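Secondary and tertiary structure notes
Next come the chains, spelled out residue by residue.
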Amino acid sequence: MSDLIRTERRGGVLIWTLARPDRLNALPDLTDGDAFAAACEAVNADRDIRCVVLTGEGRAFSAGGDLKAMRDRRDLFAGSGAEIRERYRRVVHRIVRSLYGLELPLIAAINGPAMGLGCDIAGLADIRIASDRASFGVPFLKLGLIPGDGGSWLLPRNIGHARAAEMLFTGRSIDAETAERWGLVNRVVPHERLMAEALAEAEAVAAQPPQALRMAKSLLRQGRDMSLDQMLELSAASQALAHLTDDHLEGVTAVIEKRPGRFEGR
């Protein structure tokens, strides 16, 4: 695994830390698509992991693209337009597709600035908890660029068209309190409490029956682009499978007996 993502396991919760603090966790280097793909594939295949927390080491969540590499037209930004396009598809888009395809709930613990791709990676999380030191921006136009990472699809779905347009067209960043008011994050907490709050949330998620949890995430993801009729059909099929699990019987029994459920993924 790449040294970009440091992992720590706590029961059913996996912590991913972006470990490039000397560069404010800048993304992406040419190997970062592979790193995220490998990390997400490993999680999807591990039935004992039930929730992932993503945060950044140091004072930033992720500052986004490497401006010096852009200036020097090297690494991701080297070569012809066709070559740059292919690198976006194979590196940047691989990061986005991998995170969007994560089958388990993803919680972003946003510890500092989340800019450009960093902002959009945070936005791919299902639940977003921000430190009071966090800030958010999509300053692509200031650099003479557009969101090459699919952010123009994602951001309006998170905060609405008008607010996404304001952030993109002005290039202005917003603070954590504004992000909470706009719905970009679920809540803001004191910086020193960030990981404790994120892990408490992750443990609450991880306590749910794992098969139903994965199905619930899939329904939320697919529901963004489905009609009601399509969602009803998918929901009926998923619910039929859930009814046949041991965890369903355990959940019903636990409620009747007024005790917490003990779910084993069967």
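Now for a quick tour of the structure. No experiment lies behind these values; they were computed from the predicted model shown.

Helix-helix packing is described using two parameters, namely the angle between the two axes and the distance between the axes. Their axes nearest at 7 Å, the elements helix α5 (residues 151-159) and helix α6 (residues 161-170) cross at an angle of 130°. In this view, α5 runs oblique relative to α6, as classed from their interaxial angle. Between α5 and α6 lies a crossing of right-handed hand. For the pair formed by α5 and α6, the contact residues are Leu155, Pro156 and Ile159 on the first element and His161, Arg163, Ala164 and Met167 on the second. Classifying every residue of the contact of α5 with α6 gives 5 nonpolar, 1 polar and 1 charged.

Only a minority of non-glycine residues have a phi that is not negative, and only a minority of peptide bonds are not trans. Following Leu27, the chain continues to Pro28 via a peptide bond in cis, the omega torsion being -10°. Relative to the helices and strands, Pro28 is located in the loop between β2 (13-18) and α1 (32-45). Within the chain, Asn25 stands out as a residue other than glycine whose phi angle is a positive 55°. Positive phi values are uncommon outside glycine, yet Lys258 reaches one of about 55°. With respect to the element layout, Lys258 can be found in the segment after α11 (246-256). Residue class for Lys258 comes out exposed when judged on its relative accessible area of 76%.

Below, the discussion takes up the environment of Arg74. Inspection of the secondary structure assignment puts Arg74 in the loop between α2 (67-72) and α3 (81-100). The partly exposed category is assigned to Arg74, whose relative accessible area is 33%. The spatial distance from the C-alpha of Arg74 to the C-alpha of Leu168 is 25 Å, given a sequence separation of 94 residues.

Another point: the packing of aromatic side chains. The final tally for this structure, using the stated rule, is 1 aromatic pair. Taking 5.7 Å as the distance between ring centres and 80° as the angle between the ring planes, the aromatic pair formed by Tyr100 and Trp153 counts as edge-to-face. With Tyr100 in helix α3 and Trp153 in helix α5, the pair connects residues that are 53 residues apart, well separated along the chain. Residue classification places Tyr100 among the partly exposed residues on the basis of a relative accessible area of 24%. On the accessibility criterion, Trp153 (34% relative accessible area) is partly exposed.

A few words on the pairing of strand β4 (residues 106-110). Where burial is concerned, most of β4 is hidden: 5 out of the 5 residues are buried. The side-chain alternation of β4 yields two buried faces, one formed by Leu106, Ala108 and Ile110 and the other by Ile107 and Ala109. Note that strand β3 (residues 51-56) and β4 share 3 bridges and pair parallel. Looking at β4, one finds that Val53 is bridged to Ile107. Pairing geometry for β4 and strand β6 (residues 127-131), over 4 bridges, is parallel. In the strand pairing of β6, Ile107 is matched with Ile127.

Below, the discussion takes up the sheet that holds strand β5 (residues 113-115). Sheet architecture is open: 3 strands sit in the order β5-β7-β8, paired in mixed fashion. One side of each edge strand has no neighbouring strand; the edge strands of this open sheet are β5 and β8 (174-175). Looking at chain direction, strand β7 (residues 135-137) and β8 are connected through 2 bridges and run antiparallel. Paired with Ser135 across the strands is Asp175, a residue of β8.

Another point: the pattern of salt bridges. On inspection of all chains with the given rule, the structure shows 25 salt bridges. Residue Arg221 is joined to Asp126 by a salt bridge in which the shortest nitrogen-to-oxygen separation is 3.3 Å. Remark: Asp126 occurs in the loop between α4 (117-123) and β6 and Arg221 occurs in helix α9 (residues 210-223); sequence separation between them is 95 residues. By relative accessible area, which is 13% here, Arg221 ends up buried. One salt-bridge network, in which partners are shared between bridges, spans Arg20, Arg23, Asp29, Asp32 and Asp66.

In this structure, Trp16, Phe36, Leu99, Ile110, Ile121 and Phe136 are the most contacted members of the largest nonpolar core, which totals 52 residues. Among residues more than four places away in sequence, those in contact with Leu99 are Trp16, Phe36, Cys40, Leu106, Ile121, Leu124 and Arg221. Residues Val53, Val189, Ala202 and Val205 belong to the second largest nonpolar core, which totals 16 residues.

Each value, and the rule that gives it
- Residues numbered from 1 in each chain as written.
- Predicted model: local features only at pLDDT ≥ 70, side-chain atom pairs only at ≥ 80, totals over all residues.
- Heavy atoms only, no water.
- Axes fitted to C-alpha atoms, helices over the stretch in contact; angles between N-to-C directions.
- Helix = DSSP H or I, 4+ residues; strand = E, 2+ residues; numbered from the N terminus.
- Parallel < 35°, antiparallel > 145°, perpendicular 65-115°, else oblique.
- Left-handed = near helix turned anticlockwise from the far one by under 90°.
- Contact = heavy atoms within 4.5 Å.
- Nonpolar A, V, L, I, M, F, W, Y, C, P; charged D, E, K, R; others polar.
- Buried < 20%, exposed > 50% of the residue type's maximum accessible area, 1.4 Å probe, protein only.
- Phe/Tyr/Trp six-rings, centres within 6.5 Å; stacked < 30°, edge-to-face > 60°.
- Pairing = 2+ DSSP bridges.
- Salt bridge = Lys/Arg side-chain N within 4 Å of Asp/Glu carboxyl O.
- Core = buried A, V, L, I, M, F, W, Y, C linked by side-chain atoms within 4.5 Å.

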